[in-house]
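# Tertiary structure, described
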Amino acid sequence: MTTQPTSGRTPKGAWTITFLLFLFMVVNFADKIVVGLAGVPIKKEMGLTQEQFGDLGSSFFLLFAISAIVVGFIVNRVATRWVLLVLAVIWSLAQFPMVGTVSFTTLVICRIILGAGEGPAFSVAAHAIYKWFPDEKRTLPTAILSQGSAFGVILAVPALNWIIVNHSWHHAFGALGIVGLLWVVAWFALGKEGPLVSTVATVADEPRIPYLKLLTSRTFIGCVIATFGAYWALSLGLTWFTSFIIEGLGFSQQQAGFVSILPWIFGATVVLLTGWISQVMLAGGYTTRAARGVLGSVPLIVGGCILALLPQVAPGGLMIALLVIGSGLCGSIYVVCPPMLGEFTPVSQRGAVIAIYGALYTISGLLAPMVMGNVIQHAATPMAGYLSGFTINAAIMAGSGVIGLLLLWPNTERARLTGEAQPAGGTIKGAVSPT
């Protein structure tokens with residue numbers, strides 16, 4: 001039987017696990033970005049249309065959501081240490097078929113398998129981290145975990161682009177497979193299950209909330225919709241950003257590799273600032289409605305408004321700046337939603353709820369690359385198609401941010417779901433739920 005450590009204390013080794021899971025997400029997003037980074041060479045070698053390339057980008061997400069839900073329920077019963085290990089093995093093995101001559105069908109199948117392995121990644125990693133940090137200290141490690149995505153791109157793009165330019169895009173996939181296996185070895189040696197888990201007696205005494213009530217709660221719905229808009233922007237960046245820099249703005253493959261990391265550098269700054277500001281606000285007595293809900297939603301609205309300006313400026317540096325800032329602001333929502341869900345979800349159900357949340361919002365990853373490819377294919381010029389696609393992105397981002405702002409009230413959600421009176425607290429700053 002596991003003993004629950006004193007509330008508020010961070011167990012020894014928590015930051016080591018956080019770093020390993022950060023690297024886990026680095027590999028995760030390096031795997032995601034490689035198709036978008038090598039998009040132009042892949043299209044030329046295989047003779048793909050814009051629509052076919054959009055379908056290739058979307059294929060990654062075909063089993064992404066289903067896998068996330070299935071594994072989410074599994075981690076309610078199986079130690080996250082072993083689940084994370086299996087996921088990373090799947091990612092690594094899915095890369096190696098692309099090292100040699102490969103057909104479009106094989107490439108699609110490998111991306112589907114990779115997506116099935118990566119679908120549960122962030123949710124399981126977040127669930128694992130929450131076994132190492134008490135609730136009031138989870139925002140910053142969640143922000144660091146989220147930054148694995150940005151650093152996965154920032155670190156991987158120059159290296160992968162060098163391989164693509166000097167060797168071939170096939171070897172870039174092989175390099176990712178080797179790196180994935182290296183992480184597997186490190187995690188097998190150092191990975192551990194967190195001690196902040198409930199005892200058998202505590203879990204038995206903890207009131208369960210029906211999944212229907214959890215999944216139809218306003219904060220859960222708000223998290224899904226807000227992150228859906230953010231992930232639309234992210235999946236476009238993964239699949240289409242480098243192609244836009246080359247085909248739309250006329251940069252070379254080598255130049256585009258450097259430009260492609262700019263949104264992720266800015267996004268990393270946004271995410272880390274969000275995590276830090278959120279914890280400062282919580283320490284200062286603000287409600288989680290303000291320190292998580294509002295703080296995560298408003299940047300989405302602002303980012304969508306910035307992206308809407310793209311068709312109004314000339315191609316060049318200003319267009320890149322608007323795209324970088326507008327899409328980068330969406331990162332704040334990833335930091336705050338998992339902790340918000342953790343506030344009102346019983347521990348025994350948390351892994352499944354976070355996984356279902358991830359499965360639902362990543363549906364936009366299935367839609368966005370496909371929509372962009374279709375829009376570009378049927379536009380008068382590639383540039384006109386790209387700008388139309390980014391305008392659709394702007395509307396979805398801003399709209400999802402507004403809905404999130406209206407629905408995210410985590411500070412009163414548990415009491416509302418259970419019918420219990422909300423416990424009296426200290427000084428409260430920020431918003432108070434209308435209900």
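Residues numbered from 1 in each chain as written. Predicted model: local features only at pLDDT ≥ 70, side-chain atom pairs only at ≥ 80, totals over all residues. Heavy atoms only, no water.

### Some remarks on the overall build of the chain
Scanning the chain for helices and strands turns up 21 helices and 0 strands. Against the compact-globule benchmark of 22 Å for 435 residues, the chain has a radius of gyration of 21 Å, which places it among compact chains. Once the C-alpha set of the chain is aligned to its principal axes, its extents read approximately 60 × 50 × 35 Å. Expressed as a percentage of the 435 residues in the chain, the buried residues total 58%. Long-range pairs, those at least 24 residues apart, make up 85% of the contacts in the chain between residues at least 6 apart in sequence. Accessible surface for the chain amounts to roughly 16,500 Å². Of this, 70% is attributable to carbon and sulfur atoms. Computing the positive centroid from 21 side-chain charges and the negative centroid from 14, the chain places the two 8 Å apart. (Helix = DSSP H or I, 4+ residues; strand = E, 2+ residues; numbered from the N terminus. Rg over C-alpha atoms; globule rule 2.2 N^0.38 Å. Buried < 20%, exposed > 50% of the residue type's maximum accessible area, 1.4 Å probe, protein only. Contact = heavy atoms within 4.5 Å. Areas by Shrake-Rupley, 256 points an atom, 1.4 Å probe, with all protein chains shown as cover. Lys, Arg positive; Asp, Glu negative; His and termini not counted. Charge placed at Lys NZ, Arg CZ, Asp CG, Glu CD.)

### Side note on the pattern of salt bridges
The tally for this structure, following the rule as stated, stands at 6 salt bridges. With its nearest N and O atoms 3.3 Å apart, the salt bridge here joins E118 to K32. Remark: K32 occurs in helix α1 (residues 14-37) and E118 occurs in helix α6 (residues 104-118); sequence separation between them is 86 residues. Residues E118 and K32 agree in their burial class; the two are buried. Residues E247 and K43 are paired through a salt bridge, measuring 3.0 Å at the closest nitrogen-oxygen approach. Of this pair, E247 sits in helix α12 (residues 218-248) while K43 sits in helix α2 (residues 39-46); the two residues are 204 residues apart in sequence, bridging distant segments of the chain. When salt bridges that share partners are traced, they join R218, E413 and R416 into one network. (Salt bridge = Lys/Arg side-chain N within 4 Å of Asp/Glu carboxyl O.)

### Looking at empty space enclosed by the protein
Tallied over the entire structure, the rule returns 2 cavities of 30 Å³ or more. The computed volume of the largest cavity comes to approximately 520 Å³. Taken together, 39 residues form the lining of the largest cavity, with F29, S149, L234, W264 and Y334 sitting closest to its centre. Of all elements in the fold, only α1, α7 (121-129), α8 (139-166), α12, α14 (262-283), α16 (317-328), α18 (347-361) and α20 (382-407) reach the threshold of two or more residues within the lining of the largest cavity. For the lining of the largest cavity, the leading source of residues is α12, giving 6 residues. (1 Å grid on protein atoms, 1.4 Å probe; cavity = no way out; pocket = protein on both sides within 12 Å on 5 of 7 lines; lining within 4 Å. Points joined across faces, edges and corners; volume = space filled by probe spheres on them.)

### Focus: α2
Burial in α2 covers these residues: G39, V40, I42, K43 and M46. Buried positions in α2, seen along its axis, are confined to an arc of 165° and lie on one side of it. Where α2 is buried, its residues meet α1, α3 (50-59), α6, α9 (169-190), α12 and α13 (253-259). One or two steps after α2, the chain reaches G47, where phi turns positive at roughly 65°. (Arc of directions from axis to C-beta.)

### A few points about the side chain of K32
With a relative accessible area of 5%, K32 lands in the buried category. Apart from the residues within four sequence positions on either side, K32 is in contact with F60, F64, R111, E118, Y231 and L238.

### Examining the packing of α2 against α12
Angle between the axes and distance between the axes are the two parameters that describe a pair of packed helices. Running from N to C, α2 and α12 cross one another at 80°; their axes reach a closest spacing of 8 Å. On the basis of their axis angle, the class for α2 and α12 is roughly perpendicular. Along its contact with α2, which presents G39, V40 and K43, the element α12 presents W240, S243, I246 and E247. When the residues that make up the contact of α2 with α12 are grouped by side-chain class, the tally is 3 nonpolar, 2 polar and 2 charged. (Axes fitted to C-alpha atoms, helices over the stretch in contact; angles between N-to-C directions. Parallel < 35°, antiparallel > 145°, perpendicular 65-115°, else oblique. Nonpolar A, V, L, I, M, F, W, Y, C, P; charged D, E, K, R; others polar.)

### A closer look at the nonpolar core
Ranked by size, the top nonpolar core spans 128 residues in total, and within it L21, F24, L84, W169, F244 and I333 carry the most contacts. Considering every element that reaches this core, the biggest residue donor is α12, with 16 residues. Once residues lying within four places of it in the same chain are set aside, the contact partners of I333 are A226, T227, A230, G296, S297, L300 and L408. (Core = buried A, V, L, I, M, F, W, Y, C linked by side-chain atoms within 4.5 Å.)

### Some details on the packing of aromatic side chains
Under the counting rule described, the total for this entry stands at 21 aromatic pairs. Seen in terms of ring centroids, F19 and F22 are 6.3 Å apart; in terms of plane orientation they differ by 25°. Their pairing is stacked. With a gap of 3 residues between them, F19 and F22 both fall in helix α1, about one helical turn apart. With centroids separated by 6.1 Å and ring planes inclined at 45°, the aromatic side chains of F228 and W232 adopt a geometry described as tilted. Of this pair, F228 and W232 both sit in helix α12, 4 residues apart, roughly one helical turn. Residue F228 is classed as partly exposed on the basis of its relative accessible area, which comes to 24%. On the basis of relative accessibility, which here comes to 6%, the residue W232 falls in the buried class. Three or more aromatic residues joined by ring pairs form one cluster here, namely F60, F61, F64, Y231, Y334, Y357 and Y361. (Phe/Tyr/Trp six-rings, centres within 6.5 Å; stacked < 30°, edge-to-face > 60°.)

### Let's talk about the environment of L63
Relative to the helices and strands, L63 is located in the loop between α3 and α4 (64-74). Its relative accessible area of 36% is what places L63 among the partly exposed residues. Between the alpha carbons of L63 and R111 there is a distance of 9.9 Å; along the sequence they are 48 residues apart. Non-local contacts of L63, meaning those with residues more than four positions away in its chain, are made with I112 and A116.

### A few points about the confidence of the model for the chain
Taken over all residues, the pLDDT of the chain has a mean of 85, while the share at 70 or more is 92%. Contacts from residues 1-6, a stretch scored under 50 in pLDDT, to residues over four places away or in other chains number 13 contacts. In the model, residues 423-435 has pLDDT below 50 throughout and makes 22 contacts with residues more than four positions away in sequence or in other chains. (pLDDT = per-residue confidence, 0-100.)

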